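Structure at a glance
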Amino acid sequence: MRNVSPPTTALADGTPADLATALRTGPFHVALRAAIAARRLPLQRVRHHLARAGVNVGVTSLSYWQQGARRPQRPESLRAVRALEEILQLPEESLIRLLARAAERTDTERPAARSYRSLVEASGVLQSLIADLGSPLDGGLHTIGHHERIRIGPRRELLGRDSQHVVRAHTDGIDRYLAIHHGDPGCAPEHMEVRALENCRTGRVRWHHDTGVLVAELLFDARLRAGDTHLFCYGFEDGTAGTSAEYVRGFSFTGGQYALQVRFAEDALPARCHRFTQRSTAAPRLGRQELTLSGSHRSVHLVEPQVRAGLIGIGWDWE
């Protein structure tokens, strides 16, 4: 007797039963593969539809994603996943949820921090806020040097941060910079203050309460030509969330020196501090190195002579 595969049934909304199951249970690559098969689209056609939506993803990457060999991680890749949901006629957030669920298993091995799901949501919100301000992702500028000073208050909260930033224009006519602040869970960005300290002034400000993302325009007094440099200082007053456990800075592009200093209130000193790096929010944390808290100034710091695309940060334990 031959083995005969049972016919594929469909749900009331027309979604094949096996696809509906994959979307419900995952993992991400199985659901993606099932969705592409259900729509009977070759990967070349999927890539074509993505390109028409303004997202460029190669056939090789799509193949890796549906095989589980790689996972979409970068902002552009996450934008592609959202576009795939529309192209493949899937429920909104169905693939994104699976992607976040898989990565959150990795989060359980990390120190207390934002979940991958919240970072995925913040990434989408950030793109929307930047688009609302009518600016490209890099704003026509790249960083030469950036020194951030983080202040932790007596309630162990993120009081605020100050930045001294040196940039170079690679496009003519640049007259502003978009500064981004992502507060700790539970923060209230609508109650934060943007401070333009030197060689800039505050323009439009946008925020999103649920994710704690705030974007502020910092306006220059003159338009930069390609090759011009500009040094400016700015800060954010926060203090709206609870206990803070780390500060992380993300870099979309390689290049430039970065220095990060975290200073603690006298009556709120951590038990331990360490630095770390990540290739992406979904990747494991690497390069963990203990940092010694200075006595009189109650601070720790790190310096990266040439940053790479990814994340770098300082974390601390209170007990």
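So, here is what we can say about the structure in this document. Remember, predicted model here, so these are calculated numbers, not experimental data. Note on numbering: residues in each chain are counted from 1, in written sequence order. At least 70 in pLDDT is required for a residue's local features to be given in this predicted model, at least 80 for side-chain atom pairs to be given and counted, and no such filter applies to totals for whole chains, interfaces and linings, which use all residues. The basis for every side-chain value is the complete set of non-hydrogen atoms in the structure, without hydrogens or water.

1. Some details on the sheet that holds strand β7 (residues 229-237)
Using the following cut-off: Criterion used throughout: strands pair if DSSP finds at least two bridges between them. A run of H or I in DSSP becomes a helix once it reaches four residues, and a run of E becomes a strand once it reaches two; helices and strands are each numbered from the N terminus. Every angle, taken between N-to-C directions, lies between 0 and 180 degrees, and every axis is a line fitted to C-alpha atoms, over only the stretch in contact when it is a helix.
Overall, mixed pairing links the six strands, which are arranged β4-β7-β2-β1-β9-β12 in an open sheet. The open sheet is flanked by β4 (193-198) and β12 (299-304), the only strands paired with a single partner. Pairwise comparison of adjacent strand axes, ignoring direction, gives a mean angle of 15° for this sheet. Alignment of strand β2 (residues 158-169) against β7, held across nine bridges, turns out to be antiparallel. Paired with Q164 across the two strands is C233, which belongs to β7.

2. Details of the layout of surface pockets
Selection criterion: The pocket and cavity definitions rest on a 1 Å grid over protein atoms only: a 1.4 Å probe that fits but cannot leave marks a cavity, an open set with protein on both sides within 12 Å along at least five of seven lines marks a pocket, and residues lining either have an atom within 4 Å of a point. Grid points are joined across faces, edges and corners, and a volume is the space filled by probe spheres set on the points. Three classes are used, and their members are as follows: Ala, Val, Leu, Ile, Met, Phe, Trp, Tyr, Cys and Pro are nonpolar, Asp, Glu, Lys and Arg are charged, and the others, Gly among them, are polar.
By volume, the second largest pocket amounts to about 230 Å³. Lining the second largest pocket are 13 residues, with T277, Q278, R308, A309 and L311 sitting closest to its centre. Going through the elements one at a time, β10 (272-278) and β13 (310-317) are the ones with two or more residues in the lining of the second largest pocket. With three residues, the top contributor of residues to the lining of the second largest pocket is β13. Of the residues that constitute the lining of the second largest pocket, the class distribution is six nonpolar, four polar and three charged.

3. Comments concerning the pattern of salt bridges
Think of it this way: side chains of opposite charge can pair up when their charged atoms draw near. Test applied: Any Lys or Arg side-chain nitrogen found within 4 Å of a carboxyl oxygen on Asp or Glu counts as a salt bridge. Think of it in three bands: with a 1.4 Å probe and only protein chains considered, a residue is buried below 20% of the maximum accessible area for its type, exposed above 50%, and partly exposed in between.
Counted by the stated rule, this structure contains 20 salt bridges. Put simply, R201 and D221 hold a salt bridge, and the shortest N to O gap is 3.5 Å. With a gap of 20 residues between them, R201 in strand β5 (residues 201-208) and D221 in strand β6 (residues 213-224) connect regions that are remote in the sequence. Given a relative accessible area of 45%, R201 falls into the partly exposed group. One salt bridge connects E304 with R275, and the closest N-O pair in it is separated by 2.4 Å. One end of the pair, E304, is in strand β12; the other, R275, is in strand β10, and 29 residues separate them in sequence. A residue is classified by how much of its surface remains accessible, and R275, at 12% relative accessible area, is buried.

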